[in-house]
Amino acid sequence: METKTDKHLLRGGQFLVKETSCEEIFTPEDFNDEQKMMRDSVKEFVEREIWPNKEEFEKKNYALTEEIMQKAGELGFLGVAVPEEYDGLGMGFVSTMLVCDYISGATGSIATAFGAHTGIGTMPITLYGTEEQKKKYVPKLATGEWFGAYCLTEPGAGSDANSGKTKAVLSEDGKYYSISGQKMWISNAGFANVFIVFARIENDKNITGFIVENDPDNGISFGEEEKKLGIHSSSTRQVFFNETRVPVENMLSERGNGFKIAMNALNVGRIKLAAASLDAQRRVTDLAVKYANERVQFDTPIAKFGAIKSKLAEMATSAYAGESASYRAAKNIEDRINIRLENGNSHAEAELKGVEEYAIECSILKVACSEDIQNCSDEGIQIFGGMGFSADTPMESAWRDARIARIYEGTNEINRMLTVGMLVKKAMKGHVDLLGPATAVADELTGIPSMEKPDYAELFAEEKEMIAKLKKVFLMTAGSAVQKFGPQLEEHQQLLLASADILIEIYMAESTILRAEKNAKRFGENEQKEQIAMAKLYLYHAVDTISQKAKEGIVSFAEGDEQRMMLMGLKRFTKYQNQPNVVELRNIIAEKLTAENKYCF
Ligand SMILES: Cc1cc2nc3c(=O)[nH]c(=O)nc-3n(C[C@H](O)[C@H](O)[C@H](O)COP(=O)(O)OP(=O)(O)OC[C@H]3O[C@@H](n4cnc5c(N)ncnc54)[C@H](O)[C@@H]3O)c2cc1C
């Protein structure tokens, strides 16, 4: 059933073919009082409990992680996404994002423990559990009395998650399953009370999910803590199940439904992982600004050097862009969930379908934000110079901690390929009309370009036109690749990866511009001078990336006249009428940062 709001809400992936006005997007400046209160209390918790213990986290103090998680539970942070009837706070999706965001700033260890527990450790029960299962487990998990972990990966089953060898055998009396197998890389394994375990029954095509209580007398044992590059105080162990008896009533959802559970849990996990890189970026930028202002070389604070200004500006821009896109998508998800609730869906159904609708955006954000925090922390080290390489400064651990985000919750390669694959599927189902716009672009390519001189007087007029043109680049290149290869396109991974990069840059750049535009309209262009500069700077890079990736695709799969025509189209669709002054943009941003001596956006 469609409601009025339903019609106005973009479907997942539709951003590519529909124009969005700045009034339609939600931005961090739109947080309501409840959301601001939640943000401030998480920030206060991080400053009081986590940041002062930074060194301890680097010394692999797993007990401290458990202690902090318990305190987070006492304050209600673990139950933000859990409905009130199961002792959670039952807050909206945006608030749940906020907690992941602001808890991530101090150390990746807590961000991982938090994400593994609240996301993949608890959510499968909240969303797929029976009423009895929810009543039994969720209140304990929501309050931090118990902790959860998620056992999907195995030595032979990583990205190919449905290929696990762990077996679940039904007992002769039909009362329990006996689970045997080896799971690896399990976050929170060292202190979890309950595991979501995926195992195969007989020779089923798909795996099945089970809720398994931790009991050493029930055939459950652990490997040593893994020696990891980063997230040193996040407990990561192998978990061995040796004929572990699990009552039949602990099966999650239905037999063979485990892969679906695993994938849906990951959709939520991905957007929340994006959020969990945001405060990490803010903190790294903030520390870099302060250091650059203090550190004097050649009788000059290094913040005054163009080389450092450029880095600071780029770091702040990536954080701002990440926020813009993450909260835009989060609010779309929240609205979609609310529409479904109004239409009579249960909480679980509404949440599952609401997030699934935006699975493309979830993957886009996971990739973009995980790579942004990596680059941001890398430049953070560079600004600190030799001190950045020292474990005595927080840059070193920020850089190491950032690295995992490109690997878990589906590697960035897998997520990139998923974005394009999901979009093509949505088009085939008729959820997103790609064919119409792609045909229009093809016609435009053979037509005569307009000679009209556009009017760019309004703020972002040229930038918004550029976004529309970049969408045409995607439709042109990906569209003809789909035509050429059909279902075999999935075998052409390098083309998929290039297409994904185009898609990612479009979403991130558009979100950033729309946020800056919305805020310029309400707070004034002068007040938003630096944010406007960030949006323009982000777009400038996006145009370059898109140009390069599209060219890579075109020269690889098109030939002769078709190739020439597409390359000409690419040139036309990536052409600025007025090139931005990139150095000036960076200087505007950096000067504000250094004047405020903090990340101030
Ligand atoms: C610190 C940490 C914590 C983790 N926590 C958990 C947890 O709590 N629970 C859990 O279940 N798992 C967890 N994981 C596992 C994690 O999700 C996997 O490591 C990840 O999914 C990748 O699987 P893999 O390591 O087997 O790599 P592989 O799948 O072997 O991938 C290796 C490389 O090949 C690429 N690749 C693989 N398949 C393809 C393909 N089809 N096409 C193109 N490229 C491909 C990958 O992108 C990657 O670059 C954790 C891992 C780490 C390191």
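Remember, it's a predicted structure, so these values are computed and weren't measured experimentally.

### What to know about the nonpolar core
So, step 1. Leu 16, Ile 50, Phe 93, Tyr 150, Ile 383, Leu 539 and Ile 589 are the most contacted members of the largest nonpolar core, which totals 164 residues.
So, step 2. It is helix H10 (residues 306-342) that provides the largest number of residues to this core, a total of 15 residues.
So, step 3. Here Leu 16 is in contact with Leu 423, Leu 434, Lys 471, Phe 474, Leu 475, Leu 503 and Ile 506, once residues within four sequence places are set aside.
So, step 4. Cys 151, Ala 189, Ala 192 and Val 239 belong to the second largest nonpolar core, which has 19 residues in total.

### Structural notes on the pattern of salt bridges
So, step 1. Throughout the structure, instances matching the rule amount to 42 salt bridges.
So, step 2. In this structure, Glu 225 engages Arg 237 in a salt bridge whose closest nitrogen and oxygen atoms are separated by 3.1 Å. Taken together, the residues Glu 225 in the loop between strand E6 (220-222) and strand E7 (236-247) and Arg 237 in strand E7 connect sequence positions 12 residues apart.
So, step 3. For Lys 353, the salt bridge is made with Glu 356, and the minimal N-O distance between the two is 3.5 Å. Separated by three residues within a single helix, Lys 353 and Glu 356 lie in helix H11 (residues 347-357), roughly one turn from each other.
So, step 4. With relative accessibility at 40%, the residue Lys 353 sits in the partly exposed group.
So, step 5. Through salt bridges with shared partners, a single ionic network connects Glu 29, Asp 101, Asp 279, Arg 282, Glu 323 and Arg 515.

### Concerning the site of the ligand
So, step 1. Among the 18 residues in the neighbourhood of the ligand, the closest are listed as Thr 153, Ser 159, Trp 185, Thr 411 and Glu 413.
So, step 2. The separation between a nitrogen atom of the ligand and a polar side-chain atom of Ser 187 is 2.9 Å.
So, step 3. Between the ligand and Glu 413, the relevant distance is 2.7 Å, taken from an oxygen atom to a side-chain nitrogen or oxygen of the residue.
So, step 4. Computed on the free molecule, the ligand has an accessible area of 970 Å², of which 67% lies beneath the protein chains in the complex.
So, step 5. Counting only elements with at least two residues in the shell around the ligand, the list comes to strand E3 (176-187) and helix H14 (412-428).
So, step 6. Looking at the shell around the ligand residue by residue, the class counts come to 10 nonpolar, six polar and two charged.

Parameters at a glance
Residues numbered from 1 in each chain as written. Predicted model: local features only at pLDDT ≥ 70, side-chain atom pairs only at ≥ 80, totals over all residues. Heavy atoms only, no water. Core = buried A, V, L, I, M, F, W, Y, C linked by side-chain atoms within 4.5 Å. Buried < 20%, exposed > 50% of the residue type's maximum accessible area, 1.4 Å probe, protein only. Helix = DSSP H or I, 4+ residues; strand = E, 2+ residues; numbered from the N terminus. Contact = heavy atoms within 4.5 Å. Salt bridge = Lys/Arg side-chain N within 4 Å of Asp/Glu carboxyl O. Near = heavy atom within 4 Å. Polar contact = N/O pair within 3.5 Å; in protein donor to acceptor, adjacent residues only side chain to side chain. Areas by Shrake-Rupley, 256 points an atom, 1.4 Å probe, with all protein chains shown as cover. Nonpolar A, V, L, I, M, F, W, Y, C, P; charged D, E, K, R; others polar.

That's the geometry; what it means functionally is another story.
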